[in-house]
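What follows is the residue order along each chain.
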Amino acid sequence: MAHRPQRTFRRRRADSSDSDGAGEPCAEAGERAAPGPAGDGPPPGGGRAEAAGRARRGRVPRGRGRVWASSRRAAGTGLRAEGGPGGPESGTVDISTDEENGTHHSSESKDDQSSSSDSFSSLEEFSSIVNIPDAAFIQAARRKRELARAQEDYISLDVKHTSTISGIKKNSDEDSESEPDDHENRILFTPKPQTLRQRMADETTTRNEETSEESQEDENQDIWEEQQMRKAVKITEGQDIDLSHSSESQRVKKFDTSISFPLVNLEIIKKRLNTRLTLLQDTHRSHLREYEKYIQDVKSSKSTIQNLENSSNQALNFKFYKSMKIYVGNLIDCLNEKIISIQEIESSMHALLLKQAMTFLKRRQDELKHESAYLQQLSRKAEQSTNGNLAIDEKTQRILEEIASRRAQRRQARELSGNCDHQEGTSSDDELSSSDTTDFQKSQGDILQVHKKIFEDVHDDFCNIQNILLKFQQWREKFPDSYYDAFISLCIPKLLNPLIRVQLIDWNPLKFDSVGLKQLPWFTSIEEFMNSSVEHSKKEDSSDKKILPIVINKTVIPRLTDFVEFIWDPLSTSQTTSLITHCRMILEEHSTSESEVSKGKQDLLKSIVSRIKKAIEDDVFIPLYPKSAIENKTSPHSEFQERQFWSGLKLFGNILLWNGLLPDDTLQELGLGKLLNRYLIIALLNAIPGPDIVKKCNQIAAYLPEKWFENSAMRTSIPELENFIQFLLQSAHKLSRSEFRDEVKEIILILVKVRALNQAESFIEEYHLDHLKSLIKEV
């Protein structure tokens, strides 16, 4: 790669205190006539004029460092040996060299080295012309110069002594710089004034140097640019581009006949034109599509502008939106302030009901424990055949008396109501003493009083659910698009949650006479809001339809789950029936949105199953006594066993009431696997065959859901009832050989009901009970 030639910038000659001025051109020519090793040598065979001209072009400013040319000293010595005018002291010629131009001169010195012999010959010829002054002459010239400066006069120009004066000047400067005298040590702060002739000579010389330098620089610059352009531009064949500096006009291009071009026919031209035409058509089509798009955008923008200009009063719209924003913000602030009080009241009511439920549960378990211990003591006493009264501690005696007292009260209440067909053990032992009832009612009343004061300082627009929904209904009617875009149907359940919880504080789903959800004010308000949404909305799947299911899922179902886990007693038929009623209404009638209700529903059903399992494990206890102890129906052992069996059978019926809400396999596992086969069948096997056994079996069959046996093709019952069927067949065999033959028909009917048709036919054929075949045919 060609390097750009370095431009040389030469400093103008500065005026200095020791300058000789422009009046000594001959002296300067003599000074520059002998170049140093780094300077340009004179051309071979050159004359005096050419040497003098080169010396003028090689001028350098004063005040720079000097390089002594040893080769010139050798030449000077030779001259003196030939009889030159100089003495031994004047055998050297000093060459002034500019340090800044050292690089330029060093590059030019290569030509001097290639022609060293010519340079020495030229130097000898030049030295013969120039007379080198001796030391005495130099001292005299110095004194003359100092005298002229002291008199403010000028140094006369003597053309006869040009070389001598130049040598004197150069040597005097060198001596003054190298060995200054005492009177020359002073510092000059201003340049020495020059005469008019000196200034004119300096300006003329400077202009000539600048013109020469600029022309040389321009030439070098043009050469370099031409080289770079030839490398950057790929010159095709047949073209001859002249980029020389001297040629300004373009030459006439000549056609080279030696160049061969590819053959071109009409088909190739046509093919290229078609390709070009296809590209232009594609471009045109893309431009048309863009144009159509821009046209549509313009039309859309104009229609939007027109709609905005023709819309209703924007000031009223802004006022409405601003009022809704302020209203919702105030509503949220109000609810955030009241939510702490609502949670405290909810906790108080829940703790009160939990305390009552735990009281009933603990009392039932304590009574069962003490009564069972008392009967065991009676059994040991009977085995030992000891006489005398049985020693009973005071606590057990008191508990037994309380049990007998409550049973007598319930029996009396049933007689007054006309319910004589009642089995001991099927009634719920949930009576409280008068003092406990009074304390419970007082505590509940205090909580309800605080409950009424929660929103007594709040305006109806912020605590009445109907008024709140009216605000959003106005928004939906005026600006339905912004209403649905804001997903208000998802925000309303969260806003209404604290207010609904306040209305549910005194709602107990376990009470038989509890108010249904449909009769609660918040329920009816939300239904009205949803119905108005369906009437005014054009959308078939309006999001407002989901408000009530979301409210039930987020607010009602969690409260029901708390009742099931902590307060519900599965042994209580009244509580179970009321709870099932509410759960059926929630899970079946308002399950329009399966995805929203699924999680809450699953949590509720899991809590129901868990509570039933706990009741089976903790509350079911059917003792087994010797037949001698239970033959007498009035004996304490027989009565206790009967009560416990009917209590377990009652729990069996309560479990199967969940049919339709709990899965069938879950019900069969809980009711048949864990309770019937594990407790009830064992107690029946230990009982004496007779009408009581048939009655109990009838009751078990009555609790079984009919949908389990709806399949008409069934000839065998479900596997979980296999033990029960075997017990029925065993009891039928015993009764057929006893005096209770009429009870066999009841057993056959039970077998037919549970779809054990094959077992029933086998039994009829075995005992030739042809009159009972009609029972199977009817099925």
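Residues numbered from 1 in each chain as written. Predicted model: local features only at pLDDT ≥ 70, side-chain atom pairs only at ≥ 80, totals over all residues. Heavy atoms only, no water.

S.K.: Honestly, the overall build of the protein chain in this entry has me stumped. Any pointers?
M.R.: What the protein chain contains, in helices and strands, is 28 helices and two strands. Buried residues in the protein chain amount to 38% of all 779 residues. Considering only intrachain contacts with a sequence separation of at least 6, the fraction spanning at least 24 residues in the protein chain is 77%. Counting every atom, the protein chain has about 47,400 Å² of accessible surface; 52% of that belongs to carbon and sulfur. (Helix = DSSP H or I, 4+ residues; strand = E, 2+ residues; numbered from the N terminus. Buried < 20%, exposed > 50% of the residue type's maximum accessible area, 1.4 Å probe, protein only. Contact = heavy atoms within 4.5 Å. Areas by Shrake-Rupley, 256 points an atom, 1.4 Å probe, with all protein chains shown as cover.)

S.K.: Hey, could you run me through the packing of aromatic side chains in this one?
M.R.: Aromatic rings considered in pairs are described by the distance between their centres and by the relative angle of their planes. In total, this model carries 13 aromatic pairs according to the counting rule given. Between F320 and Y321 the ring centres are 5.9 Å apart and the planes differ by 65°, which places this aromatic pair in the edge-to-face class. F320 gets classed as buried once you look at its relative accessible area, which sits at 11%. Residue classification places Y321 among the partly exposed positions, given a relative accessible area of 33%. Ring pairing ties together the aromatic residues F320, Y321, W475, F479, Y483 and Y484, which thus form one cluster. Above the ring of Y327, the side-chain terminus of K471 is found at 5.2 Å from the ring centroid. (Phe/Tyr/Trp six-rings, centres within 6.5 Å; stacked < 30°, edge-to-face > 60°. Lys NZ or Arg CZ within 6 Å of the ring centre and 35° of its normal.)

S.K.: I would appreciate a short explanation of the layout of surface pockets in the present structure.
M.R.: It is the rolling of a water-molecule-sized probe over the atoms that shows where space remains empty. Estimated volume of the second largest pocket: approximately 840 Å³. Along its surface, the second largest pocket is lined by 36 residues, and Q356, N508, L510, I567 and Q575 are the ones closest to its centre. Counting residues per element, the ones that place at least two in the lining of the second largest pocket are helix 10 (314–384), helix 12 (434–452), helix 18 (547–567), helix 19 (573–589) and helix 20 (594–619). The leading source of residues in the lining of the second largest pocket is helix 10, at eight residues. Split into classes, the residues belonging to the lining of the second largest pocket amount to 17 nonpolar, eight polar and 11 charged. (1 Å grid on protein atoms, 1.4 Å probe; cavity = no way out; pocket = protein on both sides within 12 Å on 5 of 7 lines; lining within 4 Å. Points joined across faces, edges and corners; volume = space filled by probe spheres on them. Nonpolar A, V, L, I, M, F, W, Y, C, P; charged D, E, K, R; others polar.)

S.K.: Explain unusual backbone geometry here, please?
M.R.: A negative phi angle is the norm for most residues apart from glycine, just as the trans form is the norm for most peptide bonds. Look at R755: it is not a glycine, yet its phi comes out positive at around 65°. Along the chain, R755 falls in the loop between helix 26 (743–753) and helix 27 (757–767). Look at H768: it is not a glycine, yet its phi comes out positive at around 55°. With respect to the helices, strands and loops of the structure, H768 is situated in the loop between helix 27 and helix 28 (773–778). The class of H768 is exposed, set by a relative accessible area of 64%.

S.K.: What should I look at first to understand the pattern of salt bridges in this one?
M.R.: Side-chain pairs of opposite charge can arise whenever the charged atoms involved come near each other. Throughout the structure, instances matching the rule amount to 16 salt bridges. In this structure, the salt-bridge partner of K362 is D366, at a minimum N-O distance of 3.0 Å. Placement of both K362 and D366 in helix 10 is noted, with a separation of four residues, approximately one turn of the helix. For D366, a relative accessible area of 28% translates into the label partly exposed. Between R715 and E761 there is a salt bridge, and its shortest N-O distance comes to 2.6 Å. Of this pair, R715 sits in the loop between helix 24 (691–703) and helix 25 (722–736) while E761 sits in helix 27, placing them 46 residues apart in sequence. What you see here is one network of salt bridges that share partners, running through R364, D569 and D619. (Salt bridge = Lys/Arg side-chain N within 4 Å of Asp/Glu carboxyl O.)

S.K.: How should I be thinking about the environment of S433 in this particular structure?
M.R.: Structurally, S433 can be placed in the loop between helix 11 (394–417) and helix 12. A residue is classified by how much of its surface remains accessible, and S433, at 34% relative accessible area, is partly exposed. The spacing of S433 and R406 is 27 residues in sequence and 9.9 Å in space, taken between C-alpha atoms.

S.K.: So what exactly am I meant to see when it comes to helix 18 here?
M.R.: Because an α-helix completes one turn every 3.6 residues, residues spaced three or four positions apart along the sequence face the same direction. Its 21 residues place the ends of helix 18 29 Å apart at the C-alpha level, agreeing with the 30 Å of an ideal helix rising 1.5 Å per residue. At N553, helix 18 is deflected by roughly 35°, the largest bend along its length. Burial of helix 18 is extensive: 16 of the 21 residues sit out of reach of the surface. (Expected span 1.5 Å × (residues − 1). Bend = angle between axes of the 7 residues up to and from the residue.)

S.K.: How should I be thinking about helix 11 in this particular structure?
M.R.: Taking 1.5 Å per residue, 24 residues should reach 34 Å; helix 11 reaches 35 Å between its end C-alpha atoms and fits that length. Of the residues making up helix 11, those classed as buried are T396, I399, L400, I403, R406, R407, R410 and R414.

S.K.: Help me understand a nonpolar patch on the surface in this model?
M.R.: Together, V264, I268, I269 and L273 line one region of the surface with nonpolar side chains, adding up to about 350 Å² of accessible area. In this fold, I269 is placed in helix 9 (residues 266–310). Residue I269 is classed as partly exposed on the basis of its relative accessible area, which comes to 40%. (Patch = residues over 30% accessible without salt bridge, like charges linked within 9 Å, V, L, I, M, F, W, Y side chains within 5 Å.)

S.K.: Looking at this model, I keep getting lost on the confidence of the model for the protein chain. Mind explaining?
M.R.: Low pLDDT marks regions whose predicted coordinates should not be analysed in detail. Looking at the protein chain as a whole, its pLDDT mean stands at 75, while 69% of the residues score no less than 70. The low-confidence segment residues 158–184, where pLDDT is below 50, has 55 contacts with residues more than four positions distant or belonging to other chains. Here residues 236–252 is modelled with pLDDT under 50, and outside its nearest four sequence neighbours on either side it reaches 12 contacts, counting other chains as well. (pLDDT = per-residue confidence, 0-100.)

S.K.: Just to check I follow, could you spell out the environment of L579 for this structure?
M.R.: Along the chain, L579 falls in helix 19. Aside from chain neighbours lying at most four places away, what touches L579 is P509, L510, L560, V564, W568 and W658.

S.K.: Can you walk me through the packing of helix 22 (residues 636–656) against helix 23 (residues 664–685) in this structure?
M.R.: Packed helices, taken two at a time, are described by the angle between their axes plus the distance between the axes. Where helix 22 contacts helix 23, the two axes come as close as 10 Å, and the packing angle between them is 165°. In terms of orientation, helix 22 lies roughly antiparallel with respect to helix 23. Considering the relative orientation of helix 22 and helix 23, their crossing is left-handed. Of helix 23, the residues touching helix 22 (which contributes F645, G648, L649, L651, F652, I655 and L656) are L667, L670, G671, L672, L675, L676, L680, A683 and L684. Here the contact of helix 22 with helix 23 is composed, by residue class, of 14 nonpolar, two polar and no charged. (Axes fitted to C-alpha atoms, helices over the stretch in contact; angles between N-to-C directions. Parallel < 35°, antiparallel > 145°, perpendicular 65-115°, else oblique. Left-handed = near helix turned anticlockwise from the far one by under 90°.)

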